[in-house]
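This is what each chain is made of:
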Amino acid sequence: MMISFELNHKKYRMNVDPTKRLVDFLRDEMGLTGTKEGCGEGECGACTVILDKKAVHACLVLTGQINKKSLLTVEGLAQNGEPSPLQKAFIKHGAVQCGYCTPGMLMSASALLMETPRPTEAEVRLALAGNICRCGDYSAIVDAVLDAAEAEARR
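Residues numbered from 1 in each chain as written. Predicted model: local features only at pLDDT ≥ 70, side-chain atom pairs only at ≥ 80, totals over all residues. Heavy atoms only, no water.

S.K.: How would you explain the packing of aromatic side chains if you had to name every residue and give the values?
M.R.: Tallying each qualifying case throughout the model produces two aromatic pairs. Residues F5 and Y12 carry aromatic rings whose centres are separated by 5.4 Å and whose planes lie at 15° to one another, so their mutual orientation is stacked. Classification of Y12 by relative accessible area gives partly exposed; the value is 25%. Ring centres 6.0 Å apart and planes at 75° place the aromatic pair F5 and F25 in the edge-to-face group. Taken together, the residues F5 in strand β1 (residues 2-7) and F25 in helix α1 (residues 22-29) connect sequence positions 20 residues apart. The buried category is assigned to F5, whose relative accessible area is 4%. On the basis of relative accessible area, F25 is assigned to the buried category, the value being 2%. Three or more aromatic residues joined by ring pairs make a cluster, and in this case those are F5, Y12 and F25. (Phe/Tyr/Trp six-rings, centres within 6.5 Å; stacked < 30°, edge-to-face > 60°. Buried < 20%, exposed > 50% of the residue type's maximum accessible area, 1.4 Å probe, protein only. Helix = DSSP H or I, 4+ residues; strand = E, 2+ residues; numbered from the N terminus.)

S.K.: So, the packing of helix α3 (residues 102-115) against helix α5 (residues 138-154): which residues are in play, and what are the values?
M.R.: Put simply, α3 and α5 touch, their axes get as near as 11 Å, and they point 35° apart. Crossing hand, α3 versus α5: right-handed. Taken together, the residues of α5 that come into contact with α3 (itself represented by M105, A109 and L113) are Y138, I141, V145 and A149. Partitioning the contact of α3 with α5 into residue classes produces seven nonpolar, no polar and no charged. (Axes fitted to C-alpha atoms, helices over the stretch in contact; angles between N-to-C directions. Left-handed = near helix turned anticlockwise from the far one by under 90°. Contact = heavy atoms within 4.5 Å. Nonpolar A, V, L, I, M, F, W, Y, C, P; charged D, E, K, R; others polar.)

S.K.: So, the nonpolar core: which residues are in play, and what are the values?
M.R.: Formed by 26 residues in total, the largest nonpolar core has its most connected members in L86, F90, M105, L128, I141 and V145. Those elements that provide at least two residues to this core are α2 (85-92), α3 and α5. Filtering out sequence-adjacent residues up to four positions away, M105 remains in contact with F90, L128, N131, I132, C133, Y138 and I141. Counting residues in each nonpolar core, the second largest holds 19 residues, with I3, L32, V49 and C59 among its members. (Core = buried A, V, L, I, M, F, W, Y, C linked by side-chain atoms within 4.5 Å.)

S.K.: For the pattern of salt bridges, give the residues involved together with the corresponding values.
M.R.: According to the stated counting rule, one finds 10 salt bridges in the structure shown. The salt bridge involving D147 is made with K92; its shortest N-O contact spans 3.0 Å. Of this pair, D147 sits in helix α5 while K92 sits in helix α2, and the two are 55 residues apart along the sequence. Given the relative accessible area of 18%, D147 is considered buried. It is possible to trace a salt-bridge network through shared partners that takes in K20, D28 and E29. (Salt bridge = Lys/Arg side-chain N within 4 Å of Asp/Glu carboxyl O.)

Functional significance is not addressed by these values, which are geometric in nature.
As structure tokens, this is what we get:
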């Protein structure tokens with residue numbers, strides 16, 4: 001199936017297997033290994049990407065569903081070769097620990113900040129509820145998201 005889509009701010013038109021899971025397409029076909037597979041059932045959030053400004057689990061989306069849509073992965077968050085303010089805040093607050101959940105957390109938080117630039121702590125926790133951190137330090141992650149939002153508001 002021939003599809004057109006935007007991936008990390010670049011337009012593509014290519015022939016794909018429309019039944020292939022998006023997580024596999026991103027990793028195997030596009031070489032974007034930042035999107036991790038954890039559970040394969042949409043429960044852990046490790047594979048979260050942003051599809052048309054909404055956080056989605058890439059293990060539950062088929063490649064055919066990205067036709068004529070915009071997709072953002074963790075690799076697309078950097079700005080001019082520099083980590084995004086959110087990525088910098090994760091580093092500053094030590095919100096990376098083992099790192100396995102980090103791409104999914106960043107993508108869920110990015111989707112939230114696109115929609116709600118000044119979220120409350122409760123809104124951050126709700127937005128991250130679909131992501132599991134095996135290290136369990138959610139407070140550092142929440143602090144990082146709130147700090148990034150505050151930093152952006154000052155700009």
